[in-house]
Amino acid sequence: MSDYDVIVIGGGPAGLAAATTAREDGRRSVLVVERDQKLGGILNQCIHNGFGLITFNEELTGPEYAARYEKLARDAGVEFLLDTMVLDVSPGRVVTCVSEAHGMQHISGGAVVLAMGCRERPRGALNIPGFRPAGVYTAGTAQRLVNIEGLMPGREVVILGSGDIGLIMARRMTLEGAHVACVAELMPYSGGLKRNIVQCLDDFDIPLLLSHTVTRVEGKRRVEAVWVAQVDEKGRPIAGTEKRYLCDTLLLSVGLLPENELSRSAGVELSRVTRGPVVNESLETSIPGIFACGNVLHVHDLVDYVTQEATAAGAAAVRWADACAKHAEHDEKPGIPVVAEGGVRYTVPQSIDPERMPEKLTLRFRVGGVFEDKRICVYLGDERVLSKRRPILVPGEMEEVTLKRDDLLARPAVDKVVVTLEEA
Amino acid sequence: MQDSGFQYDVVIIGAGVSGCATARELAKTNGSVCVLEREDDVCCGTSKANSAIVHAGYDAMTGSLMARLNVEGNALMHELAKKLNFTVKNIGSLVVCTSERDVDGLHELFARGVANGVPDLQVIDRDTLRSMEPNISPSAVGALWAPTAGIVDPFGLNVALAENAATNGVRFVFDAPVMAIERLPQGGYALDTPRGRLTCRCVVNAAGVYADQIHNMVCEDKLKIVPRRGQYMLLDTTAGSHVHHVVFALPSKMGKGVLVSPTIHGNLIVGPTAEDIRDKEGTDTTAAGLSEVAEKCGITVVDVPLREVITSFSGLRAHRAEHEFLIGENPSAPGFVDCSAIESPGLTASPAIGRMVAGIVTDILGLEERPAGEFVETREGIPNMNDLSFEQWGKLCEKNPLYGRVICRCCHVSEAQIVDAIHRPVGARSLDGVKRRTGACMGRCQAGFCTPKIMEALSRELPDVSMENVTKSGPGSEFIEGHAKDAIVEEAHA
């Protein structure tokens, strides 16, 4: 007998949606373990608007979106352990956690949903030469200091990387009275949403320098200047193109990495591409009964998609809990692999069992470059079952296709599902 | 020891590992001791940025001070670690030879090691090497195996020495660079710092890369210390078991090579370069240096997962042309004792250096050992959650619930540890100070998540620190430049 039918690790948007869904019909006990003192995760510091257009059909700020979901979860009867750090998840779904209030605890779950979110790539991962002074922050750290603490980490700012948080922070720093000299992006395209480039850079005359990187940080104690250079097609700085920017702050928005330390300790198989768990149509990981959703699974662009995905994971976790209660056999035959080709970097899920999939299953993916005028095509075996034209596809925006269960059930011999891009 | 007219019997310049080891040894005597440090904390110069290796002692020339103190320091390190509760691991080192033509070099090194008094050295063949280190380069033909070599927590060692010295009455003054030294007519010295003037009978110069400036203020002979920069890359703990021992390259036609080693914190370290530079503050890394490290680590070890790099850093070795420690009272300046040019293997040698320097000072001043029982010999360290079982961690939480509040999620550092680090003798006053004492911020997020939380702890626990003036590493490295919108408000008022 487990302590809870479903344990959700992480109380951000993914965890809240998964827990709410799991608890919806009131039959199953659901616990969310959250390391912060507040629910909502990173949404709490995202005070800009643009959240919830799909989920709530209105434009909300991050904290508003979080508050809505917190209420839904509380009303549904989800239980919470806040200010509690999960240290370990065992393959047998025992969660080890520690908190000021309760000390060390073991809590067992029927199902476990991993919803730990992601973290930012730090400066060190880029190996930017120079000193290591104060004044180098990830965009998210700066966002917390400004939006939660009301403190300015700097006045004269250069931003490296055009991920969404970096773009958002370019605008935020400007609105709070700082000057943002430029956003340098190593790739020839931005890693963020088009709407953020327009609303956060263009509207404030902040230049976006594509194919540029920071080659040096000056200042022993506090940042005094950074050097920005153009890069060649292999990303190497081009000699003679360096420009020195006097500044006191370097913000980094150079990528997000799913936070899978717990998944790893549980023994969950991880994808080398997404760096998140490999999952099947039920968003179940390689360990039966452990599910994953949100940014821990793959980094999303919009919170609304996180919510959709987490809802599916929550429902799958309840099905698992129900089966456990009935002592039903878990059918663990391997699903049909989903193969990403032709510019599609990955798909989530990575395999599908047609019998277990819902009537309509959303496959999400990202592309590995900028593609104009293409078709997203899905093949079941050799047969193309879906083709939709897209005028432009960019790495910063997530794409999706919907598979119909009937299409798969009608083709029992199919041994792979291929998602690919073709000429329009 | 009381002597009217002087504030201290001994002033030690520099709170690095040599200075603090000397301070702790002198704390066993009746002498009064003050340590002056230009930075805001102990362990801010050469002691903090190095390979963190406990060398066996086969490198230095037989008969040199370096060789003697290395072997002595190595032998003392483990007992010291037990007494002062810092971490040392005896993982052993391998000097790997990658060419048949250079095998003689291995035997030379072996012979020198034996002559230096290094125990248990052994030249091992290719197969033995491969069984010990599966990721060793296929071109490796053999290695020198030194089981007495190991790795140490350099911050832990330095902090432990300082804390224990302070517990035993040594005074530490930070943010106090020595600007001038005056030799007093009645003997002894007066030292000018921004924090005031100090007088003492004896000066110990443990000023690292600045030891030449200090030396040259009072001595007739002139010393020149060249900052020899070493650049390193540190890889995530996921790469920490890529090798199991400290792996050096035998110097060959391919160059000197770099070491590849696990660290005490479970990471993998690769480096260093060796570049003589002018700037004593030149702890920056360069693109050329980092790519040199990336290239050279492949000489001995294959497939070093460089995409797991979490940070890179530089350290400066206090090098002089003679490549030998300079320890002793200067003939032209009675009572001025050099503890200078302490480059590698200075960290390993530090327990022996401390004894030697303290011995010299004791003789000069005629100090006496304190009565038995007066000297507190041991020090309790800050607990490391990662070393504890479920039950042990739980017990700590019962004693102090703040052990249950995890602040650094990557390295599992709790609020209790951070508060402890701040309130200890010679406590942390900056983010880097907390980092060096607790291991917080050292993980894969590199302080992204915990910076604001540690800033909060520092501003809450220290009366003179607020969120606005918390520093990364002392004055001038403040994190915060003001309040949101204050520049706009100022503009509107103008």
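Computed from a predicted model, the values in this text were never measured in an experiment.

### Digging into the domain arrangement of chain B
Residues and elements named next belong to chain B. Domain parsing of chain B yields domain 1 (1–86 + 152–221 + 320–381), domain 2 (93–147 + 226–314) and domain 3 (386–469). Look at where the C-alpha atoms of domain 1 and domain 3 centre, and you get two points 29 Å apart. Summed over both partners, the interface of domain 1 with domain 3 buries about 1,000 Å², with 54% contributed by carbon and sulfur atoms. Contact with domain 3 buries area across many residues of domain 1, yet Asp 41, Phe 155 and Glu 163 alone supply 45% of it, more than any other trio. A salt bridge links Arg 437 to Asp 41, with the nearest nitrogen and oxygen atoms 2.7 Å apart. Counted by class, the side of domain 1 that touches domain 3 contains nine nonpolar, two polar and six charged residues.

### Details of the confidence of the model for chain B
Taken over all residues, the pLDDT of chain B has a mean of 95, while the share at 70 or more is 99%. Model confidence for the complex is summarised by a pTM of 0.94, with the ipTM given as 0.93.

### Description of the sheet that holds strand β18 (residues 249–252) of chain A
All names here are of chain A. Ordered in space as β10-β18-β12-β13-β14, the five strands form an open sheet in which the pairing is parallel. A single partner strand is all that each edge strand has here, and the edge strands are β10 (136–138) and β14 (208–210). If you compare each strand with its neighbour and ignore which way they point, the axes differ by 20° on average. Bridging between strand β12 (residues 156–160) and β18 involves four bridges; their strand directions are parallel. By the bridge assignment, Leu 160 is partnered in β18 with Leu 252. Packing of helix α3 (residues 139–147) onto the sheet brings it into contact with β10 and β18, and relative to β10 it is tilted by some 90°.

### Overview of the packing of aromatic side chains
Overall, the coordinates contain seven aromatic pairs over all chains when judged by the stated rule. Judged by centre distance (4.9 Å) and plane angle (15°), the ring pair of Tyr 232 of chain B and Phe 313 of chain B falls under stacked. Placement of Tyr 232 of chain B in strand β13 (residues 226–235) and of Phe 313 of chain B in strand β18 (residues 309–319) is noted, with a sequence separation of 81 residues between them. Both residues of the pair, Tyr 232 of chain B and Phe 313 of chain B, belong to the buried class. Following the ring pairs from residue to residue traces out a cluster consisting of Phe 56, Tyr 65 and Tyr 69 of chain A. Just above the ring of Tyr 210 of chain B sits the side chain of Arg 38 of chain B; from NZ or CZ to the centre is 4.2 Å.

### Description of the nonpolar core
Nonpolar side chains tend toward joint burial in soluble globular proteins. Residues and elements named next belong to chain B. If you look at the biggest cluster of nonpolar residues, it comprises 103 residues, and the most contacted ones within it are Val 42, Phe 86, Phe 172, Val 361 and Ile 454. In this structure, this core is formed jointly by two domains, domain 1 (1–86 + 152–221 + 320–381) and domain 3 (386–469), each of which donates at least three residues. Those residues in contact with Val 42, other than ones at most four positions away along the chain, are Ala 15, Cys 20, Asn 158, Val 159, Ala 162, Phe 172, Phe 174, Val 426, Arg 436 and Arg 437.

### Focus: the interface of chain A and chain B
Taken residue by residue, the interface counts 50 residues in chain A and 59 residues in chain B. Each partner contributes to the roughly 4,600 Å² buried at the junction of chain A and chain B, and carbon and sulfur atoms together form 55% of this total. Looking only at chain A, the three residues that lose the most surface to chain B are Met 104, Arg 132 and Arg 221 of chain A, adding up to 15% of its buried area. The interface formed by chain A and chain B holds 10 salt bridges in total. For the salt bridge of Glu 456 of chain B with Arg 144 of chain A, the shortest nitrogen-to-oxygen distance reads 3.1 Å. Our count for the chain A to chain B interface comes out at 25 residue pairs in polar contact (both at pLDDT 80 or more). Looking at the side of chain A that touches chain B, the elements that each hand over two or more residues are β6 (84–89), β7 (94–99), β8 (103–114), β9 (118–120), β10, α3, β11 (151–152) and α6 (261–266) of chain A. Tallying contributions element by element places β8 of chain A first for the side of chain A that touches chain B, with four residues. Across the side of chain A that touches chain B, the residue classes tally to 18 nonpolar, 14 polar and 18 charged. When β11 of chain A meets strand β23 (residues 482–483) of chain B, the two strands line up antiparallel, connected through two bridges. Of the residues in β23 of chain B, the one forming a bridge with Leu 151 of chain A is His 483 of chain B.

### Some thoughts on the pattern of salt bridges
It is possible for side chains bearing opposite charge to pair when their charged atoms get close. Scanning the model with the defined rule gives 62 salt bridges over all chains in all. The closest approach of N and O atoms between Glu 481 of chain B and Arg 222 of chain A, which form a salt bridge, is 3.5 Å. Taken together, the positions of Glu 481 of chain B in the loop between α12 (451–461) and β23 and Arg 222 of chain A in the loop between β15 (212–218) and β16 (225–230) put the pair across two chains. The class of Glu 481 of chain B is partly exposed, set by a relative accessible area of 31%. Asp 41 of chain B is the salt-bridge partner of Arg 436 of chain B, the closest N and O atoms lying 3.3 Å from each other. Linking Arg 436 of chain B in helix α11 (residues 431–438) with Asp 41 of chain B in the loop between β2 (33–36) and β3 (53–54), this pair joins segments that are 395 residues apart in sequence. Residues participating in the shared-partner salt-bridge network are Asp 83 and Glu 100 of chain A together with Arg 405, Glu 415, Arg 460 and Glu 461 of chain B.

About the thresholds
Every chain's residues receive numbers from 1 upward, in the order its sequence appears when written. To read the labels, note that chains go from A and ligands from 1, taken in the order they are written. Owing to the predicted nature of the model, reporting of local features is limited to residues with pLDDT of at least 70; listing and counting of side-chain atom pairs is limited to 80 or more, with chain, interface and lining totals taken over all residues. Note that the side-chain values use all heavy atoms of the structure and ignore hydrogens as well as water. Each domain's extent was defined by an automatic or database domain assignment. Put simply, buried area is the surface a 1.4 Å probe can reach on two separate parts but cannot reach once they are joined, added for both. Salt bridge, as used here, is a side-chain nitrogen of Lys or Arg placed within 4 Å of a carboxyl oxygen of Asp or Glu. Put simply, Ala, Val, Leu, Ile, Met, Phe, Trp, Tyr, Cys and Pro go in the nonpolar bin, Asp, Glu, Lys and Arg in the charged bin, and everything else, Gly too, in the polar bin. Every residue gets a pLDDT, meaning the predictor's confidence in that residue, from 0 to 100. Pairs of strands are assigned from DSSP output, requiring at least two bridges between the strands. Only DSSP runs of H or I reaching four residues or more are called helices, and only runs of E reaching two or more are called strands; each is numbered from the N terminus. Axis definition: a line fitted to C-alpha atoms, over the contacting stretch in the case of helices. Angles run 0 to 180 degrees between N-to-C directions. Any two residues whose heavy atoms approach within 4.5 Å at even a single point are treated as in contact. Each pair of aromatic rings taken from Phe, Tyr and Trp, with Trp reduced to its six-membered ring, is defined by centres within 6.5 Å and is described as stacked if the planes are under 30 degrees apart, edge-to-face if over 60, and tilted in the remaining cases. Buried means the residue's accessible area, taken with a 1.4 Å probe over protein chains only, is under 20% of the maximum for its type, while exposed means over 50%, and partly exposed covers the values in between. We call a charge positioned above a ring when the Lys NZ or Arg CZ atom is no farther than 6 Å from the ring centre and deviates by at most 35 degrees from the ring normal. For this analysis, a nonpolar core means a set of buried residues of the types Ala, Val, Leu, Ile, Met, Phe, Trp, Tyr and Cys, connected via side-chain atoms within 4.5 Å. Contacts described as polar in this section are N or O atom pairs within 3.5 Å, which, within protein, must combine one atom able to donate a hydrogen with one able to accept it, while residues neighboring in sequence count only if both atoms come from side chains.

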